Amino acid sequence: MNGTECKTLAIIPAWQEEKAIADVVAGVRRYIPNVLVVDDCSADRTGEVAKAAGAQVVRHPINLGYGGAVLTGFLFAERQGYEKVVYLDADGQHDPADIPRLLAGLKSADICIGSRFMGEAGYKMPFLRLLGNQLFGKIAQKLAGCKITDCTSGFRAVSKKGMQFYNSPQCPDDVFDADMLVLAARSGCEITNAQVTMRANTTGKSMHGGIVKPLLYIARMMVGLLCAATHTRKSKP
Amino acid sequence: MTLTHAILAMCLALFFLIFALRITISGHLRIHYALVWLGIGVLAFTSPFLYDLASLLHEKLGFPTASTQLLMGAIFLLYLICLILTKSVSHSQRERIRMAREIALLEKELKDLKASGAVDEPDKRCGLDPAHCRSDIRNT
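Residues numbered from 1 in each chain as written. Chains lettered and ligands numbered in written order. Predicted model: local features only at pLDDT ≥ 70, side-chain atom pairs only at ≥ 80, totals over all residues. Heavy atoms only, no water.

**Quick look at the packing of helix α3 (residues 47–61) of chain B against helix α4 (residues 66–116) of chain B**
Residue and element names in this part refer to chain B. Filter applied, for reference: Fitting a line to C-alpha atoms yields each axis, with helices limited to the stretch in contact; the angle taken between N-to-C directions then spans 0 to 180 degrees. Secondary structure elements are taken from DSSP: a helix is a run of H or I of four residues or more, a strand is a run of E of two residues or more, and numbering for both begins at the N terminus. Angular relationships are summarised with four words: roughly parallel below 35 degrees, roughly antiparallel beyond 145, roughly perpendicular across 65 to 115, and oblique for the angles in between. Here, residues are in contact when the closest pair of their heavy atoms is within 4.5 Å. By the convention adopted, Pro, Cys, Tyr, Trp, Phe, Met, Ile, Leu, Val and Ala count as nonpolar, Lys, Arg, Asp and Glu as charged, and the other residues, Gly among them, as polar.
It is at 8 Å that the axes of α3 and α4 come closest, and there the two elements cross at 100 degrees. As summarised for this structure, α3 and α4 are arranged roughly perpendicular, according to the angle between their axes. Along the contact surface, α3 presents Leu50, Tyr51, Ala54, Ser55, Leu57, His58 and Leu61, while α4 presents Ala66, Ser67, Gln69 and Leu70. Residue classes in the contact of α3 with α4 are distributed as 7 nonpolar, 4 polar and no charged.

Below, the structure written as structure tokens:
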């Protein structure tokens with residue numbers, strides 16, 4: 001473990017993930033020893049299992065959702081003086097072996113998105129979801145003025161400058177995908193992409209399952225992008 | 001508007017006004033929001049006179065009837081009020097999220113401090129019997 005690793009924190013937002021969280025924490029700790037699990041008021045033993053696996057645990061008193069959990073992690077990271085942050089999902093779909101590649105991306109950028117669609121082995125996604133991802137990705141790319149190959153990826157590395165953006169009041173906490181990336185880019189953060197592999201979802205749970213949820217998500221994302229588009233672009237030094 | 005209709009409208013408005021006043025006095029409605037509903041109550045109470053005014057104005061303003069004019073006015077007024085209240089709810093929600101985050105981080109900090117032995121367990125009596133704690137403070 002070198003000095004750089006010590007100042008890096010892995011944030012895992014988790015809700016009802018007692019079955020998967022121990023393996024995820026153990027996997028991440030091979031690359032980043034400091035792991036913070038943000039237990040978003042789970043009814044199961046997610047927090048206890050994560051703690052037993054060696055993670056630090058912060059438990060929300062009420063459920064704040066995915067964005068809220070990630071932002072709590074960023075607040076913790078900034079207060080504890082961490083310089084880099086990697087955040088990934090608690091369901092075990094993200095491969096911790098990709099962490100070094102994401103961190104390497106921070107040498108030239110402030111936010112490195114773990115992209116599922118780069119390289120030959122592109123991630124297979126249901127058609128409608130893929131369509132939405134690509135559509136919002138293209139819009140976000142246009143508005144942000146940089147390449148965004150996977151705007152809904154929950155596997156990202158963030159530098160100290162990026163962390164400051166995440167902890168600023170302009171960072172949205174309800175919709176947390178393409179609009180957030182556009183705002184970050186317009187606030188002066190450099191964004192890059194790194195190829196990551198995505199494991200199959202074994203739990204069968206999805207944040208965007210059903211019919212109403214995806215439709216609401218699309219509507220919220222469109223409003224979020226509209227708001228982000230009105231944000232004045234900060235000139236890069 | 002006939003006299004019967006006017007009296008009925010005023011009685012309904014009075015009922016609404018008294019209800020708004022009651023929940024304000026009992027403290028269920030904050031004064032900030034109470035002003036909005038008391039204002040609407042007063043406006044509703046004067047609705048028969050508003051109707052007469054609308055009867056005089058609707059042709060000049062291009063509305064087919066006075067009722068349409070009043071309905072449009074009421075819709076836009078309620079739209080405005082809903083927008084203001086939603087803004088207020090959004091602000092409260094943001095504050096609630098911020099506080100929940102702070103509580104979570106403080107709770108972790110306290111647990112870490114307890115684990116390191118830097119702080120003692122709080123006096124259990126204080127948590128169980130607030131009256132006892134107050135008497136302790138008085139005695140000191």
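Moving on, there is more to tell.
**Considerations on the pairing of strand β4 (residues 84–87) of chain A**
All names here are of chain A. Keep this limit in mind: Here, a strand pair is defined by DSSP locating no fewer than two bridges between the strands.
Taken together, the 4 bridges between strand β1 (residues 8–14) and β4 define a ladder with parallel strand orientation. Bridge pairing in β4 places alanine 10 opposite valine 86. Examined bridge by bridge, β4 and strand β6 (residues 156–158) share 3 bridges and lie antiparallel to one another. Residue pairing in the sheet places tyrosine 87 in a bridge with arginine 156 of β6.

**A word on the packing of aromatic side chains**
Two descriptors summarise a pair of aromatic rings, namely the distance from one centre to the other and the angle between the planes of the rings. All names here are of chain A. Stated formally: In summary, the pairing rule links any two rings of Phe, Tyr or Trp, Trp by its six-membered ring, whose centres are within 6.5 Å, and it sorts them by plane angle into stacked for under 30 degrees, edge-to-face for over 60 and tilted for everything else.
By the definition in use, this model includes 5 aromatic pairs over all chains. Where phenylalanine 74 meets tyrosine 87, the ring centres are 5.7 Å apart and the plane angle is 85 degrees; that geometry is what we call edge-to-face. Of this pair, phenylalanine 74 sits in helix α4 (residues 65–79) while tyrosine 87 sits in strand β4, and the two are 13 residues apart along the sequence. Pairwise contacts between aromatic rings join Phe74, Tyr87, Phe165 and Tyr166 into one cluster.

**Notes on the interface of chain A and chain B**
Heads up, the condition is: The term buried area means the drop in 1.4 Å probe accessible area that two parts suffer when joined, counted for both and summed. The salt bridge definition used is simple: a Lys or Arg side-chain nitrogen within 4 Å of an Asp or Glu carboxyl oxygen.
Across the contact, 17 residues belong to chain A and 11 residues belong to chain B. Here chain A packs against chain B, burying approximately 1,300 Å² in sum over the two surfaces, 62% of which is carbon and sulfur. For the pair chain A and chain B, the number of links is 1 salt bridge. Salt-bridge contacts for Arg79(A) lead to Glu102(B); the nearest nitrogen and oxygen are separated by 2.6 Å. When contributions to the side of chain A that touches chain B are tallied by element, the ones reaching two or more residues are β3 (56–59) and α4 of chain A.

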